[in-house]
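Residues per chain are reported as follows:
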Amino acid sequence: MSFSQHQGEFFKKNDHLFTTPNTSQEISLSRELIEQWQNRIQLHQSSLFKGLGENHEQGSFFDNQATNQINNFEPLKLTPLSLSFWRWPKSPNHGPAIYLVMDRLERQDSYLMLYIGETIAAEKRWKGEHDCKYYLANYSEALQEARMNSQLSIRFWADVPKSTPKRRQLEQDLIQLWLPPFNKETRNRWETPFTSDIK
C-alpha cells in the first residue's frame, strides 16, 4: 500500500505498530494491528450507538439546545448509502446536513463512526476532492491486504440547523463526543495509520 512521505514518517516513529516487507514506502498492516485499532475505537463508541439517552453525563458538556439535538442523533436509523452515491443521476439528499462515514464490523456485529462532517449542500459535498476519501481508500486497501471485510457507508442527517455557524458547532460537538478517527481533531488520539498530514 502506497503512502505519502508524511505517512511513512508516522510509521517510522511508531515502528512497533506495523511490519514492512521492504525499505520502500510499501506498508503492510497486520490483521491483528487493524483489529486492535478498530477495537479501541469501538470500545469508546459502542455505548453511543446504543443511545445517548443512557449517557446523560455527556450532555453536561453542551448547552440545552445542543444536548437536545445530540440526544436526537441516531446514526443507525439514517439510510446507509454507497460511498459512490454522488455518481448517481439524482442525489437522494439535498441541502444542509451532517454526514457520517461508517463501517460495520461483522465480527462484532457493531459499527465504527469513522468521520463526521457538515455541509450546506448534501448533494455536492462528497463530489471531487475530500481528505476523508484518501483515508478511506487507504483503510479499504489495508483491510483487503489483511483479508478483512468492510461495509463502508455514508449517511446524511438533515435535521440540522440551516445556519452554518450553528451547524458547524453541532458538527464539532458530535466530533468531540464520538471521536471519529478520520477527523483531523481526533487523529492523534487514535494514532490513525490511514491518514496523512498533507492538506
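For the structure, see preceding data.
Please read all numbers here as calculations on a predicted model, not as lab measurements. (Residues numbered from 1 in each chain as written. Predicted model: local features only at pLDDT ≥ 70, side-chain atom pairs only at ≥ 80, totals over all residues. Heavy atoms only, no water.)

(A) Up close: the sheet that holds strand E2 (residues 110-119). Strand order in the open sheet formed by three strands is E2-E1-E3, with antiparallel pairing between adjacent strands. Each having just a single partner strand, E2 and strand E3 (152-157) make up the two edges of the open sheet. Sheet twist, expressed as the average angle between the axes of neighbouring strands with direction ignored, equals 25 degrees. Of the strand pairs in this sheet, strand E1 (residues 97-105) and E2 are connected by nine bridges, and their pairing is antiparallel. In the strand pairing of E2, Leu100 is matched with Ile116. Sheet contacts for helix H2 (residues 31-50): E1 and E2; angle to E2, the most-contacted strand, approximately 75 degrees. (Pairing = 2+ DSSP bridges. Helix = DSSP H or I, 4+ residues; strand = E, 2+ residues; numbered from the N terminus. Axes fitted to C-alpha atoms, helices over the stretch in contact; angles between N-to-C directions. Contact = heavy atoms within 4.5 Å.)

(B) Inspection of H2 at higher detail. The first and last C-alpha atoms of H2 sit 27 Å apart over 20 residues, in line with the 28 Å expected at 1.5 Å per residue. The principal kink in H2, of about 40 degrees, is found at His44. Listed in full, the buried residues belonging to H2 are Leu33, Ile34, Glu35, Trp37, Gln38, Ile41, Gln42, Gln45, Leu48 and Phe49. In this fold, the buried residues of H2 make contact with E1, E2, helix H5 (131-145), helix H6 (164-178) and helix H7 (187-190). The positive-phi residue at the C-terminal boundary of H2 is Gly51, with phi of around 135 degrees. (Expected span 1.5 Å × (residues − 1). Bend = angle between axes of the 7 residues up to and from the residue. Buried < 20%, exposed > 50% of the residue type's maximum accessible area, 1.4 Å probe, protein only.)

(C) How the structure looks around the pattern of salt bridges. Following the criterion strictly, the structure yields six salt bridges and no others. Across the pair Glu35 and Arg31 runs a salt bridge whose closest N-O atoms are separated by 3.1 Å. Of this pair, Glu35 and Arg31 both sit in helix H2, four residues apart, which is roughly one turn of the helix. Judged by its relative accessible area of 41%, Arg31 falls in the partly exposed class. (Salt bridge = Lys/Arg side-chain N within 4 Å of Asp/Glu carboxyl O.)

(D) Region of interest: H5. The terminal C-alpha atoms of H5 lie 22 Å apart, and with 15 residues this matches the ideal 21 Å at 1.5 Å per residue to within 8%. Among all positions in H5, only Cys132, Tyr135, Leu136, Asn138, Tyr139, Ala142 and Leu143 are buried. All buried residues of H5 fall inside an arc of 165 degrees around its axis, so they share one side. Buried residues belonging to H5 abut H2, E1, E2, E3 and H7. (Arc of directions from axis to C-beta.)

(E) Expanded view of the nonpolar core. Among the nonpolar cores identified, the biggest contains 30 residues, and Trp37, Leu114, Tyr139, Phe156 and Phe182 are the most heavily contacted of them. Elements represented by at least two residues in this core include exactly H2, E1, E2, H5 and E3. Among the elements that line this core, the one with the most residues is H5, at six residues. Counting 17 residues, the second-largest nonpolar core is a separate cluster that includes Leu78, Leu100, Met102 and Ile175. (Core = buried A, V, L, I, M, F, W, Y, C linked by side-chain atoms within 4.5 Å.)

(F) Focus on the packing of aromatic side chains. Tallied over the full model, the rule gives ten aromatic pairs. A ring pair is formed by Trp37 and Phe182, whose centres lie 6.2 Å apart and whose planes are at 25 degrees; its orientation type is stacked. Taken as a pair, Trp37 in helix H2 and Phe182 in the loop between H6 and H7 lie far apart in primary sequence, 145 residues in all. There is no split in this pair, since Trp37 and Phe182 are both buried. With a centroid separation of 4.7 Å and an interplanar angle of 75 degrees, the aromatic rings of Phe49 and Trp178 are classed as edge-to-face. Separated by 129 residues along the polypeptide, Phe49 in helix H2 and Trp178 in helix H6 bring together distant segments of the chain. Judged on exposure class, the residue Phe49 and its partner Trp178 are both buried. Arg189 extends its terminal NZ or CZ atom over the ring of Trp190, reaching a point 4.9 Å from the ring centre. (Phe/Tyr/Trp six-rings, centres within 6.5 Å; stacked < 30°, edge-to-face > 60°. Lys NZ or Arg CZ within 6 Å of the ring centre and 35° of its normal.)

These figures capture arrangement, not role.
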